[in-house]
Amino acid sequence: MRLQYPTSIRIIEVPCTGKVDILHLLLAFEQGADGVMVVGCMEGDCHYMAGNLYAKKRVQRAKEILDQVGIGGERLAMYNLSSGMGGRFAEIVREMTGKIMELGPSPIRMATGTAPRASAEVTT
Amino acid sequence: MTTTPSKLQKMIASGNFAVTSEVGPPRSADGQVIEHKAKLIKDYVDAINVTDNQTSVCRLCSLAACIKLKLMGLEPVLQMVTRDRNRIALQSDILGAASFGINNILCLTGDHQHFGDHANCANVFDLDSTQLAMTVRMMRDEGKLLGGHEFEVRPQMFIGAAANPFAGPNVELRAARLGKKVAAGVQFVQTQCIYNMDTFKTFMKICVDRGLTEKCAILAGITPMKNVGMARYMQKRVPGIDVPDAIIKRMAGVPKEKQAEEGINLAVEQIEELKEVPGIKGFHIMAIEWEEKVPEIVERTGLYPRPQLNGG
Amino acid sequence: MIKAVPKPLEEIIGRVQDSNKVLIAGCDGCVTVCEAGGMKEAKILASALRLYYTQAGKQAQVDETSLTRQCEKEYLAQLSDKIDGYDAVVSLACGVGVQYLAEMYDNKIVYPGVDTCFLGVNEERGLYSERCQACGKCILADTGGVCPIARCSKRMLNGPCGGSEAGKCEINPDIPCGWQLIYERLKTLGQLDRFEKPVEPKDWKTSRDGGPRKIVREDLRI
């Protein structure tokens, strides 16, 4: 569709958001991510039946953990869209980028004073 | 059936309807409350139950209150739950009660502490109500404790229990359970308060058919409704009580200021109806925090004055 | 199996916040099955603690491992070469494992990372319920395979009580009345006559009430 969206985003593809574990989300922040988005299919349309529902629960838990350890759960978000919704994708990336810019660099980056390392590759 | 000095047992044996009621002790050390409540009802009943930390709310203990009633010259029924005391304490309290000449005991398991003011306590439930009845019978008839110790001066207790025809799983099993309690030594029963007459009459029929009513005196439980709010509360929020919608409708159909009167009318009607049911040997009127209405109910149902028995 | 739940993260942070080198020790036994303290949970907890320390400006190292079982000395022994440097261990095993680990490494501060709850079944993933109270004298043969000590809130042996309504326990409509279950099972088995005879008081000596328990199997010991 050749839509413009911020280059601040690093996309990691998985066959289903059900593959994403709480640990992957936390490790991303450990390794310097300022924000993490989990983008899954529309609820009810998961190709693997309920993968995106498990992802929803894991994102909720990870957000709680992030709040409890002083990172802030608002830096993690889950969105649901179909693969045909290119325009919506660009929109949510803009939205998330805007939110993270407002929140500033993650407390991990602030505390270590380092540039973010290369994001962890999630091999699926 | 063992005979004891119990005046309640004598009244039942005389063939008259027995009448009992209850006083709830205060949540303080104020013994005057017991005296006051007892005086309101004493001429209208054959025996007075004292509840034992009812609904798991910590109150002045039943044993102390029963001793006070005994010293007032009245006939107490010691209610005893197994929730709070192990077999050592239960037997100990029975010996204590007997040492004051208390002759009636109601053996109960007790409401779970979830309902009370100390929901985070440990519970005991070393015994259940049936096992408590077995224990009292052994103490009375054999002069023996559960641990084997034998003793001379025995409690002379008329053994009672509760029966709830309205609880699960079904009326047949509730009657079978009463049969089990009778086999364990229970001589009289005070039922849960009755609103569903059909279910209760079915229960009584099964008890009669099983021969239970010859071994055990069943006293029908009556609780007058103060207002429609109380009726609704009991229907929705109290497990084991069955309040038919017709009762709610009747209470609701009367203006607020007349509801208390209607509740008393209903209680009176229930007693009159139950007098005709085979196997009913009396009535247990539970007018919780409404003890002052007991006289009226007893009078209006022709149960006053209480028969004077020889030596009683 | 033993069922446990993870302790609140704040509670664990409260314990280790001043430590410098923490080992999270998971267990591949019961706590893995109920997803409270296995390797996966150990990794998540370790990552969460690293995030905590880093954002708080604290230098601390957090490592994770998981043992086959923590209730067995030969598996606990596998920690012996690595446990030295740690100033705190968070054991995600059940209460049994935490204690055994602490006993073997008695100079180490060991914190529990889960709350051990009961002996129970997996009804579904994430839904566990209690079945056994380990009373030490099993009566399931007399109650149609349903235990009144574990499943009746009042552990009655002559139930049901007067608060049993519509098959539910008076204290919580999510709890089935244990005696309703026994009744239905005995009915299916044609053993309803068991309701006729009073059951005698239980000997609680074999239960917790008799004091901490021990089994000595002379047939297994040389």
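Size of an interface: often given as the accessible area lost when the parts come together. Of the residues lining the interface, 26 residues belong to chain C; the matching set on chain B comes to 34 residues. Put simply, chain C and chain B have one salt bridge between them. Where Glu196 of chain C meets Arg210 of chain B, a salt bridge forms, and the shortest distance between an N and an O atom there is 3.2 Å. Counting across the interface, chain C meets chain B through 20 residue pairs in polar contact (both at pLDDT 80 or more). Grouping the amino acids of the side of chain C that touches chain B by side-chain chemistry returns 11 nonpolar, seven polar and eight charged.

Residue and element names in this part refer to chain B. Packing of helix α2 (residues 32–41) against helix α3 (residues 62–71) leaves a shortest axis separation of 10 Å and a crossing angle of 55 degrees. The orientation of α2 relative to α3 falls into the category oblique. In terms of crossing hand, the pair formed by α2 and α3 is right-handed. Along the contact surface, α2 presents Ile34, Glu35 and Ala38, while α3 presents Ala65, Lys68 and Leu69. The residue makeup of the contact of α2 with α3, split by class, is four nonpolar, no polar and two charged.

Let's shift gears to the sheet that holds strand β4 (residues 88–91) of chain C. Residues and elements named next belong to chain C. Reading across from one edge, β3-β2-β4-β5 is the order of the four strands in this open sheet, with parallel pairing throughout. Unpaired on one side and paired on the other, β3 (61–67) and β5 (110–112) mark the two borders of the sheet. Strand-to-strand twist in this sheet, taken as the mean axis angle between neighbours without regard to direction, amounts to 25 degrees. Here β4 pairs with β5 via three bridges, running parallel. Residue pairing in the sheet places Val90 in a bridge with Tyr111 of β5. Its contacts with the sheet put helix α3 (residues 39–55) on β2 (21–27), β3 and β4, and the angle it makes with β3 is roughly 175 degrees.

In this structure, Leu178, Phe200, Phe203 and Leu274 of chain B are the most contacted members of the largest nonpolar core, which totals 69 residues. Sort the elements by how many residues they give to this core and helix α7 (residues 197–209) of chain B lands first, with six residues. Each residue touching Leu178 of chain B, except ones within four places of it in the same chain, is listed here: Val189, Phe203, Cys207, Leu212, Cys216 and Ile218 of chain B. Val20 and Leu23 of chain A together with Ile44 and Leu92 of chain C belong to the second-largest nonpolar core, a separate cluster that totals 43 residues.

As a further point, take empty space enclosed by the protein. Taking a probe equal in size to a water molecule and rolling it over the atoms shows the remaining empty space. Residue and element names in this part refer to chain C. Counted by the stated rule, this structure contains four cavities of 30 Å³ or more. If you add up the space inside the largest cavity, you get close to 110 Å³. Together, 14 residues line the largest cavity, and Cys152, Ser153, Cys161, Cys169 and Cys177 are the ones closest to its centre. Its residues assigned to classes, the lining of the largest cavity comprises seven nonpolar, four polar and three charged.

Let us look at helix α10 (residues 245–252) of chain B. Note: α-helices contain 3.6 residues per turn, so residues at a spacing of three or four share the same orientation. All names here are of chain B. Listed as buried for α10 are Ile247, Ile248 and Met251. Each buried residue of α10 lies within a common arc of 100 degrees when the element is viewed along its axis, so the set occupies one face. Turned more than 90 degrees away from the buried face of α10 sit Asp245, Ala246 and Lys249, all of them exposed.

All right, on to the confidence of the model for chain A then. On average, residues of chain A carry a pLDDT of 90, and 92% of them reach 70 or more. Counting interchain partners and residues more than four positions distant, the pLDDT-below-50 stretch residues 117–124 of chain A has 12 contacts.

Another aspect to go through is the packing of aromatic side chains. Throughout the structure, instances matching the rule amount to nine aromatic pairs over all chains. With a centroid separation of 4.7 Å and 25 degrees between ring planes, the pair formed by Phe158 of chain B and Phe188 of chain B is classed as stacked. With Phe158 of chain B in strand β5 (residues 158–163) and Phe188 of chain B in strand β6 (residues 188–193), the pair connects residues that are 30 residues apart, well separated along the chain. Aromatic pair Trp179 of chain C and Phe195 of chain C: ring centres 5.9 Å apart, planes at 65 degrees, arrangement edge-to-face. Of this pair, Trp179 of chain C sits in helix α7 (residues 178–189) while Phe195 of chain C sits in the segment after α7, and the two are 16 residues apart along the sequence. Each member of the pair, Trp179 of chain C as well as Phe195 of chain C, is classed as buried. Among the aromatic residues, those joined into a ring-pair cluster are Phe166, Phe200 and Phe203 of chain B.

What follows is about the pairing of strand β8 (residues 280–285) of chain B. Residue and element names in this part refer to chain B. When you tally the buried positions in β8, you get five out of six residues, the bulk of the element. Of the pairings in the sheet, the one linking strand β1 (residues 18–23) to β8 comprises four bridges and is parallel in character. Within β8, the residue paired with Val19 across the bridge is Phe283. As paired elements, strand β7 (residues 217–222) and β8 share five bridges and run parallel to each other. Paired with Gly221 across the two strands is His284, which belongs to β8.

Summarising the element assignment, Ser164 of chain C is placed in the loop between α6 (148–151) and β8 (168–169). Assessed through its relative accessible area of 2%, Ser164 of chain C is described here as buried. Discounting residues that sit within four places of it in the chain, Ser164 of chain C has contacts with Ala167 and Gly168 of chain B together with Cys177 of chain C.

Before going further, it helps to examine the pairing of β6 of chain B. Residue and element names in this part refer to chain B. Counting buried positions along β6 yields five of six residues, so the element is predominantly enclosed. One ladder, built from four bridges, connects β5 with β6; its direction is parallel. Across the sheet, residue Gly160 finds its bridge partner in β6, namely Phe188. Following the chain from β5 across helix α6 (residues 171–183) to the adjacent parallel β6, one finds a crossover that is right-handed. In this sheet, β7 lies alongside β6 in parallel orientation, the contact comprising four bridges. Among the inter-strand pairings, Phe188 is bridged to a residue of β7, identified as Ala217.

Turning our attention to the sheet that holds strand β6 (residues 114–124) of chain C. Residues and elements named next belong to chain C. On the basis of which strands lie adjacent, the open sheet formed by three strands has the order β1-β6-β7 and antiparallel pairing. Each of the sheet's edge strands pairs with one partner strand only, and the pair in question is β1 (2–6) and β7 (127–132). The average angle at which neighbouring strand axes cross in this sheet is 70 degrees, direction not considered. Looking at chain direction, β6 and β7 are connected through five bridges and run antiparallel. If you follow Gly120 over to β7, its bridge partner there is Glu130.

Reading the values: rules and limits
- Residues numbered from 1 in each chain as written.
- Chains lettered and ligands numbered in written order.
- Predicted model: local features only at pLDDT ≥ 70, side-chain atom pairs only at ≥ 80, totals over all residues.
- Heavy atoms only, no water.
- Contact = heavy atoms within 4.5 Å.
- Salt bridge = Lys/Arg side-chain N within 4 Å of Asp/Glu carboxyl O.
- Polar contact = N/O pair within 3.5 Å; in protein donor to acceptor, adjacent residues only side chain to side chain.
- Nonpolar A, V, L, I, M, F, W, Y, C, P; charged D, E, K, R; others polar.
- Axes fitted to C-alpha atoms, helices over the stretch in contact; angles between N-to-C directions.
- Helix = DSSP H or I, 4+ residues; strand = E, 2+ residues; numbered from the N terminus.
- Parallel < 35°, antiparallel > 145°, perpendicular 65-115°, else oblique.
- Left-handed = near helix turned anticlockwise from the far one by under 90°.
- Pairing = 2+ DSSP bridges.
- Core = buried A, V, L, I, M, F, W, Y, C linked by side-chain atoms within 4.5 Å.
- Buried < 20%, exposed > 50% of the residue type's maximum accessible area, 1.4 Å probe, protein only.
- 1 Å grid on protein atoms, 1.4 Å probe; cavity = no way out; pocket = protein on both sides within 12 Å on 5 of 7 lines; lining within 4 Å.
- Points joined across faces, edges and corners; volume = space filled by probe spheres on them.
- Arc of directions from axis to C-beta.
- pLDDT = per-residue confidence, 0-100.
- Phe/Tyr/Trp six-rings, centres within 6.5 Å; stacked < 30°, edge-to-face > 60°.
- Right-handed = clockwise from strand over helix to strand, strands pointing away.

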